[in-house]
Amino acid sequence: MLRTAIFLCFALLGANVHAAESTYPLDPMKPNLDDKASLQRGMRNFMNYCFGCHSLKYQRYKRTAEDIGIPESLMLDHLVFDPNVRIGELMQNSLDVSHAKNWFGAAPPDLTLVSNLRGGPDYIYTYLRTFYEDDTRPFGVNNLVFENVAMPNVLEPVQGVQQKVCKDIPKIAENGGEMMDPLSSEYITEKVCGQELIERGYSPLELVSKGELSPKEFDQFAYDIANFLYYTGEPARMHRFRIGGFVLLFLAFFYVFTWLLGREYEKEYHS
Ligand code: HEC
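To start, this report covers the structure provided alongside it. (Residues numbered from 1 in each chain as written. Predicted model: local features only at pLDDT ≥ 70, side-chain atom pairs only at ≥ 80, totals over all residues. Heavy atoms only, no water.)

All right, on to the state of the cysteines then. By definition, a disulfide is the covalent link that joins the sulfur atoms of two cysteine residues. Tallied over the full model, the rule gives one disulfide. Note that Cys 166 is cross-linked by a disulfide to Cys 193, the S-S spacing being 2.0 Å. On the sign convention where negative is left-handed, the bridge of Cys 166 and Cys 193, at about 110 degrees about the S-S bond, is right-handed. Within this pair, whereas Cys 166 is found in strand β6 (residues 166-170), its partner Cys 193 is found in strand β7 (residues 189-193), the two being separated by 27 residues in sequence. Note on Cys 166: relative accessible area 37%, which makes it partly exposed. A relative accessible area of 28% means that Cys 193 is categorised as partly exposed. (Disulfide = S-S within 2.5 Å. Helix = DSSP H or I, 4+ residues; strand = E, 2+ residues; numbered from the N terminus. Buried < 20%, exposed > 50% of the residue type's maximum accessible area, 1.4 Å probe, protein only.)

Let's shift gears to the nonpolar core. If you look at the biggest cluster of nonpolar residues, it comprises 48 residues, and the most contacted ones within it are Met 43, Phe 46, Tyr 61, Met 75 and Leu 229. Where this core is concerned, the elements lending two or more residues are α2 (36-49), α3 (61-68), α6 (120-129), β3 (131-133) and α9 (215-233). The residues touching Met 75, leaving out its near neighbours within four places in the chain, are Met 43, Tyr 61, Thr 64, Ala 65, Ile 70, Val 80 and Ile 87. (Core = buried A, V, L, I, M, F, W, Y, C linked by side-chain atoms within 4.5 Å. Contact = heavy atoms within 4.5 Å.)

Once that is clear, we can look at the site of the ligand. Inspection of the region around the ligand gives 21 residues, with Cys 50, Cys 53, His 54, Ala 150 and Met 151 positioned closest. With respect to the ligand, the side chain of Arg 118 contributes an N or O atom lying 2.9 Å from an oxygen atom. Contact distances for the ligand include 2.8 Å between an oxygen atom and a backbone N or O atom of Ala 150. Here the shell around the ligand gets three residues from one element, more than from any other, and that element is α6. The class makeup of the residues in the shell around the ligand is 19 nonpolar, one polar and one charged. (Near = heavy atom within 4 Å. Polar contact = N/O pair within 3.5 Å; in protein donor to acceptor, adjacent residues only side chain to side chain. Nonpolar A, V, L, I, M, F, W, Y, C, P; charged D, E, K, R; others polar.)

Turning to the side chain of Thr 112, a few remarks are in order. Relative to the helices and strands, Thr 112 is located in the loop between α5 (97-104) and α6. Among the polar contacts made by the side chain of Thr 112, one reaches the main-chain amide nitrogen of Tyr 58 at a distance of 3.4 Å. In this structure the side chain of Thr 112 is engaged in a polar contact, spanning 2.4 Å, whose partner is the side chain of Asp 110. Those residues in contact with Thr 112 that sit more than four places away from it in its chain are Ser 55, Leu 56, Lys 57, Tyr 58, Gln 59, Leu 229, Thr 232 and Gly 233.

Right, let's get into the pattern of salt bridges. Overall, the coordinates contain 10 salt bridges when judged by the stated rule. For the salt bridge of Asp 27 with Arg 129, the shortest nitrogen-to-oxygen distance reads 3.0 Å. Here the residue Asp 27 occupies a position in the loop between α1 (2-19) and α2, and Arg 129 occupies one in helix α6, the gap between them amounting to 102 residues. When its relative accessible area of 24% is taken as the criterion, Asp 27 is described as partly exposed. Close ionic contact of Glu 89 with Arg 86 constitutes a salt bridge, the shortest N to O distance being 3.6 Å. Among the charged side chains, a salt-bridge network with shared partners connects Asp 27, Arg 129 and Asp 219. (Salt bridge = Lys/Arg side-chain N within 4 Å of Asp/Glu carboxyl O.)

Dropping the structure here:
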């Protein structure tokens with residue numbers, strides 16, 4: 001009993017240390033599984049920029065091709081890079097997890113189900129857009145929603161480089177007013193960087209060197225990846241409503257016969 005309690009304490013502690021939870025508010029994205037073009041672009045982006053490190057090992061190429069409307073031959077020609085892989089296989093990469101752990105300090109997790117964790121697709125969408133330059137980190141970048149992340153910013157060529165904005169902002173006194181120097185009647189300021197800026201209505205990050213895409217185009221790029229991972233999180237979601245309709249129709253139809261049968265039985269009870 002005591003051992004279990006001690007184990008639980010450590011397990012909880014461990015979970016806390018690892019989570020690197022951040023208070024940064026997530027930017028909402030509305031997933032849309034009817035937008036096949038977005039899902040197709042999302043898969044293209046994923047295979048080109050993420051699949052080298054992150055597998056989708058609970059998802060098959062064939063099922064994905066059918067669901068998001070990519071002809072199998074096109075998928076094999078353009079999105080499956082290993083010529084030995086067949087269309088019916090699971091989407092696994094050739095990354096060796098123990099090597100990856102040494103390279104990055106953490107193994108890149110499988111992302112098939114990641115959209116069901118934490119903030120869902122909003123989290124992925126925000127995460128991809130909030131890498132910023134940080135010289136203290138091994139890869140020179142940090143992230144607003146995943147502090148001290150071990151992933152390099154692989155989308156830097158596409159997005160450009162972001163830095164935390166720092167501003168001199170008037171200090172707030174205890175009574176909520178802005179602090180002023182009584183002699184010079186100038187505001188007393190403090191340097192605020194990044195996250196806290198949001199609360200004061202300033203953007204926490206600014207683009208300091210441009211990438212291949214404009215910020216708006218990059219938002220779409222990240223949206224498409226998040227939308228695609230929302231799909232892989234539960235592919236059945238796409239078909240659920242359609243099947244649900246049939247099931248309800250069937251039940252309605254079946255009810256008539258059950259009712260008729262029930263009526264027959266009832267006759268026997270009372271006779
Ligand atoms: C060079 C290898 C590499 C590439 C390429 C890469 N990642 Fe990562 N990624 C990592 C590593 C390593 C981690 C683990 C970070 C950690 O635990 O600190 C990670 C973590 C993540 C997480 C966080 C999962 C969590 O548990 O919160 C997400 C989401 C993610 N990556 C998405 C992507 C997407 C989307 C792409 C493509 C645009 C991508 N990654 C490309 C290495 C990579």
